[in-house]
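Report on the structure
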Amino acid sequence: PRGSFTPKRARTENVLLIAGGIGVAPFLPCAKALLREGKTVQILYSVSDESDVVFAREFSALQDAARGRFAVSVHESKTMGRVNEVVLSNYIGGYEELLTVYICGPDPMTSAVKKALPYLGVPKKQIIAERFMF
């Protein structure tokens, strides 16, 4: 991350972290920091299949400690398709103005999600993305 992709940019109480593959890496410390600030955090974690999930134990422990303010949803693109507007609407519906969204993953996923979020009503100023390329 280059410095602008930090938990301090979350201006809302509800935060959605959207990860693609190993793009989940910065979200473990980010989620911890956001929870310390009293935020409610949801991670939408897209992987090809369940065997690609990393940090499962760490996220489970965080979920146990957060008392209902933290959840992780795994989206298996192999069986469920790519993350799109329909998938995103399940995580955003009714919270558009009350939600800060962070995105980190492969460039095609990040670009598609960044494009879909404003269409779903999330203000652009509440969308924070990191280009995760190697």
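Structural data are supplied above this passage.
Structural notes, computed from the coordinates. (Residues numbered from 1 in each chain as written. Predicted model: local features only at pLDDT ≥ 70, side-chain atom pairs only at ≥ 80, totals over all residues. Heavy atoms only, no water.)

1. Remarks on the overall build of the protein chain
Selection criterion: Under the DSSP-based scheme used, a helix requires at least four consecutive residues in state H or I and a strand at least two consecutive residues in state E, with every element numbered from the N terminus. Restricting the calculation to C-alpha atoms gives the radius of gyration, and the globule rule supplies 2.2 Å times the number of residues raised to the power 0.38. Burial here depends on accessible area, computed with a 1.4 Å probe over protein chains only, as a share of the maximum for the residue type. Under 20% is buried, over 50% is exposed, and the range in between is partly exposed. We get accessible surface area from the Shrake-Rupley algorithm with a probe of 1.4 Å; when it comes to residues, only the shown protein chains can shield them. Residues counted as positive are Lys and Arg, residues counted as negative are Asp and Glu, and His and the chain ends are not counted. Every charge is mapped to an atom, namely NZ of Lys, CZ of Arg, CG of Asp or CD of Glu.
Helix and strand counts for the protein chain come out as five helices and five strands. Each helix and strand of the protein chain, ordered N terminal to C terminal, gives the series β-α-β-α-β-α-α-β-α-β. Over its C-alpha trace the protein chain gives a radius of gyration of 14 Å, about what one expects of a compact globule, namely 14 Å for 134 residues. Along the three orthogonal principal directions, the C-alpha set of the protein chain runs to about 35 × 30 × 30 Å. Relative to its 134 residues, the protein chain shows a buried fraction of 43%. Counting every atom, the protein chain has about 7,400 Å² of accessible surface; 52% of that belongs to carbon and sulfur. Within the protein chain, one finds 17 positive and 13 negative side-chain charges whose respective centroids are separated by 8 Å.

2. Thoughts on the pattern of salt bridges
Let me state the cut-off plainly: The term salt bridge refers to a side-chain nitrogen of Lys or Arg lying within 4 Å of a carboxyl oxygen of Asp or Glu.
Going through the model one piece at a time under the given rule, you end up with two salt bridges. Where E13 meets K39, a salt bridge forms, and the shortest distance between an N and an O atom there is 4.0 Å. Linking E13 in the segment before β1 (14–20) with K39 in the loop between α1 (27–36) and β2 (40–47), this pair joins segments that are 26 residues apart in sequence.

3. Focus: the sheet that holds β1
Test applied: DSSP bridges decide pairing: two strands pair if at least two such bridges lie between them. The axes are straight lines fitted to the C-alpha atoms, using for helices just the contacting stretch, and the angles between their N-to-C directions are given from 0 to 180°. Contacts are assigned to residue pairs with any non-hydrogen atoms lying within 4.5 Å of each other.
Reading across from one edge, β3-β2-β1-β4-β5 is the order of the five strands in this open sheet, with parallel pairing throughout. Both edges of this open sheet fall to β3 (70–76) and β5 (127–131), since each of them pairs with a single strand only. Neighbour-to-neighbour, the strand axes of this sheet turn through a mean angle of 15°, independent of strand direction. Note that β2 and β3 share seven bridges and pair parallel. When the sheet's bridge partners are listed, I43 is paired in β3 with V72. The strands touched by helix α4 (residues 85–92) within the sheet are β1, β2, β3 and β4 (99–105), with β2 carrying the most contacts at an inclination of about 160°. Running over the sheet, helix α5 (residues 107–119) touches β1, β4 and β5 and is turned about 160° from β4.

4. Points about the layout of surface pockets
Heads up, the rule is: Grid spacing is 1 Å over the protein atoms alone, the probe is 1.4 Å, and a cavity is where that probe fits but cannot get out, while a pocket is an open set with protein on both sides within 12 Å along at least five of seven lines and lining residues have an atom within 4 Å of a point. Grid points are joined across faces, edges and corners, and a volume is the space filled by probe spheres set on the points. Each residue gets one of three labels, nonpolar for Ala, Val, Leu, Ile, Met, Phe, Trp, Tyr, Cys and Pro, charged for Asp, Glu, Lys and Arg, and polar for the others, Gly among them.
Computed from the structure, the largest pocket encloses a volume of approximately 270 Å³. Elements represented by at least two residues in the lining of the largest pocket include exactly β2 and α5. Here the element with the most residues in the lining of the largest pocket is α5; it accounts for four residues. Here the residues of the lining of the largest pocket are counted per class, giving seven nonpolar, five polar and one charged. By volume, the second largest pocket amounts to about 180 Å³. Around the second largest pocket, the lining is made up of 14 residues, and of these V15, T40, Q42, Y91 and L99 lie nearest the centre. Residue classes in the lining of the second largest pocket are distributed as eight nonpolar, five polar and one charged.

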